[in-house]
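# Report on the structure
Each chain, letter by letter, is given below.
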Amino acid sequence: MNNQNEHRGTLSHTSESNRLYGYIQVLPLLRGLFASRRACTLSCDVQPRNGAPVFVAVHGTWGGRATWTRRDSKLLMELATRWPKAGIYRFEWSGVNGERHRLVASDALSEHLNNLAARYPASKIITISHSHGGNVVAWASTRLTHPLSAAIYLNTPFIQVLRASKTSSAILRIVLYFGETVVLVPLMVSIATLLFPRQFWPYVVGMSMVFAVLALSQKIVPPRIQAIRDRLTIVSNGTRRIHKELVTFVVGDEASAALGAVFFAHWLGRRTGILLLIAAFAVAVLGGVQVVSDSTARQVGSILVGCCLALCFAVLVLGTSAYGFVNGLVALDSSVTVTPAPVGQTDFATVGWTSQDGLRHSLIYESSEAIATIVNWLDSELDAGAGVRY
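Let me sum up the structure you'll find in this document.

Moving on, we come to a nonpolar patch on the surface. Together, L187, I191, L194, L195, F196, W201, V205 and M209 line one region of the surface with nonpolar side chains, adding up to about 810 Å² of accessible area. Looking at the nonpolar patch, the elements with two or more residues in it are helix 5 (168-195) and helix 6 (201-237). The dominant element in the nonpolar patch, judged by the number of residues it contributes, is helix 5, at 4 residues. In this structure, I191 sits in helix 5.

So this is what it looks like as structure tokens:
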């Protein structure tokens, strides 16, 4: 009885911690600060027989309860009908819309795929992923010891992180410094005024603490962001160990259009900010050589620098709202973009928009046209067209 009570207490504690973890990930400012592998699991619905292929379904963002990854979904039932001896697995991860979560999931998935390949050496391993689950698969494939036979991506906006320029680190540090100053100084003044009215020493102590926090932040945050940036650069541009890949998109995919707009805003904001800084420097030079008056140079320079900082903060807010605070900082430190296909050679299929299928970003796996395209492509890739039925 005591063991049962202890077990129930442990389950209750775990459930509460998982619930708290889920609430934290909903907040854009905190999203990505905490990423854990405990949400990454591989479940087996059907084991393969006689060397039949193994299908691994990977859901996308916020898809932890996705029904299409289960064996009774329209897509997987069609695959099971065509290959009745095939194995069906589903990989589940946190689904949180943040780069660190996808990196953690890709690490876990690469281990699971290697284990599957070792367990079923005669079977071909095929992944089927939706949305950002495709990034998880693509990034995981760069660390595989056994290459995948095939990978199918459904409406995946492939994230590419480019190498940062020499000005990126400076922009990140400037935004961190001014952003923290804007928050910490008023907070310190308010606390000192409220708790210690008409006393000078609390302000001295408070400002000392603010400077200490700013210095510590400059020492810790940029290197960590750059480490995440370097990992994203490697996995998004690395060599994927996949024999054949099929990218399937629906016409008018909403997520890809929205993400394209976000990354374009990043690109435009970064370059506009640099131009504003150059203009501010030029105004200062003109004021120094008396081409314009000192007062005019200071006013115009202040406005240009203020506009530059406002743009940087706008880029940070946009990145934070879309992908969390960590990704917002990464976007300041590097060039991030989204592409319809990963780097390299892939097969591509565009699914038409039909009212009958009710196609949207999250319903491509219900499309009869998309399913037929996938089955026909797999039929040729698995040499099933010659009459071989697993």
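In this section: the packing of helix 2 (residues 74-82) against helix 10 (residues 368-381). For any two helices packed against each other, the geometry comes down to the angle between their axes and how far apart the axes lie. It is the contact of helix 2 with helix 10, at a shortest axis distance of 10 Å, that shows an interaxial angle of 35°. Where helix 2 crosses over helix 10, the handedness of that crossing is right-handed. Residues K74, L75, E78, L79 and R82 of helix 2 form the contact with helix 10, whose participating residues are S368, I371, I374, V375, L378 and D379. For the contact of helix 2 with helix 10, a count of residues per class yields 6 nonpolar, 1 polar and 4 charged.

Quick look at the packing of aromatic side chains now. Scanning the entire structure with this criterion turns up 6 aromatic pairs. Ring centres of W68 and Y365 lie 5.3 Å apart, and the angle between their planes is 15°; this geometry places the pair in the stacked category. Separated by 297 residues along the polypeptide, W68 in the loop between strand 2 (54-58) and helix 2 and Y365 in the loop between strand 9 (347-351) and helix 10 bring together distant segments of the chain. By the burial criterion, W68 is buried, and Y365 matches it. In this structure, R82 is placed above the aromatic ring of W83, and the distance from its NZ or CZ to the ring centre is 5.3 Å.

This next bit is on the pattern of salt bridges. A full pass over the atoms with the stated rule returns 10 salt bridges. Of the charged contacts in the structure, one is a salt bridge between E99 and R102, with a shortest N-O distance of 3.2 Å. One end of the pair, E99, and the other, R102, are both in helix 3 (residues 99-119), 3 residues apart, so they sit about a helical turn from each other. Between K244 and D347 there is a salt bridge; the shortest N-O distance is 3.7 Å. Of this pair, K244 sits in strand 7 (residues 242-250) while D347 sits in strand 9; the two residues are 103 residues apart in sequence, bridging distant segments of the chain. By relative accessible area, D347 is classed as partly exposed at 26%. Taken together, the salt bridges that share partners define one network made up of D45, R90 and E92.

Here we come to the pairing of strand 2. Buried residues dominate strand 2, accounting for 5 of its 5 residues. Side chains of strand 2 alternate between two faces, with V54, V56 and V58 and F55 and A57 buried alike. Here 5 bridges tie strand 2 to strand 3 (residues 87-92), and the two strands are oriented parallel to one another. The partner of V54 across the bridge, within strand 3, is G87.

Procedures and definitions
- Residue positions are given per chain, counting from 1 as you read along its sequence in written order.
- For a predicted model such as this one, the threshold for reporting local features is a pLDDT of at least 70, and the threshold for listing and counting side-chain atom pairs is 80 or more; totals across whole chains, interfaces and linings nevertheless cover every residue.
- Heavy atoms throughout the structure, all of them, feed into the side-chain values; hydrogens and water do not.
- Two joining distances apply to patches: 9 Å for like charges and 5 Å for nonpolar side chains (Val, Leu, Ile, Met, Phe, Trp, Tyr), and every residue must have over 30% relative accessible area and no salt bridge.
- Note that accessible areas follow from Shrake-Rupley with a 1.4 Å probe, and for residues the cover is restricted to the protein chains shown.
- For salt bridges, the criterion is a side-chain nitrogen of Lys or Arg within 4 Å of an Asp or Glu carboxyl oxygen.
- Only DSSP runs of H or I reaching four residues or more are called helices, and only runs of E reaching two or more are called strands; each is numbered from the N terminus.
- Inter-axis angles, ranging from 0 to 180 degrees, are taken between N-to-C directions of lines fitted to C-alpha atoms, where helices are fitted over the stretch in contact.
- Working rule for handedness: look at the near helix, and if it is turned counterclockwise from the far one by less than a right angle, call the crossing left-handed; if clockwise, right-handed.
- Throughout, a residue-residue contact means that at least one pair of heavy atoms, one from each residue, lies within 4.5 Å.
- Here the nonpolar group is Ala, Val, Leu, Ile, Met, Phe, Trp, Tyr, Cys and Pro; Asp, Glu, Lys and Arg are the charged ones; every other residue, Gly included, is treated as polar.
- Centres within 6.5 Å make a pair out of two Phe, Tyr or Trp rings, where for Trp the six-membered ring is used; the pair is then stacked when the planes are under 30 degrees apart, edge-to-face when over 60, and tilted otherwise.
- The cut-offs for exposure are 20% and 50% of the maximum accessible area for each residue type, with area from a 1.4 Å probe on protein chains only; residues under the lower value are buried, those over the upper are exposed, and the others partly exposed.
- To sit over a ring, a charge needs its Lys NZ or Arg CZ within 6 Å of the ring centre and within 35 degrees of the ring normal.
- Criterion used throughout: strands pair if DSSP finds at least two bridges between them.

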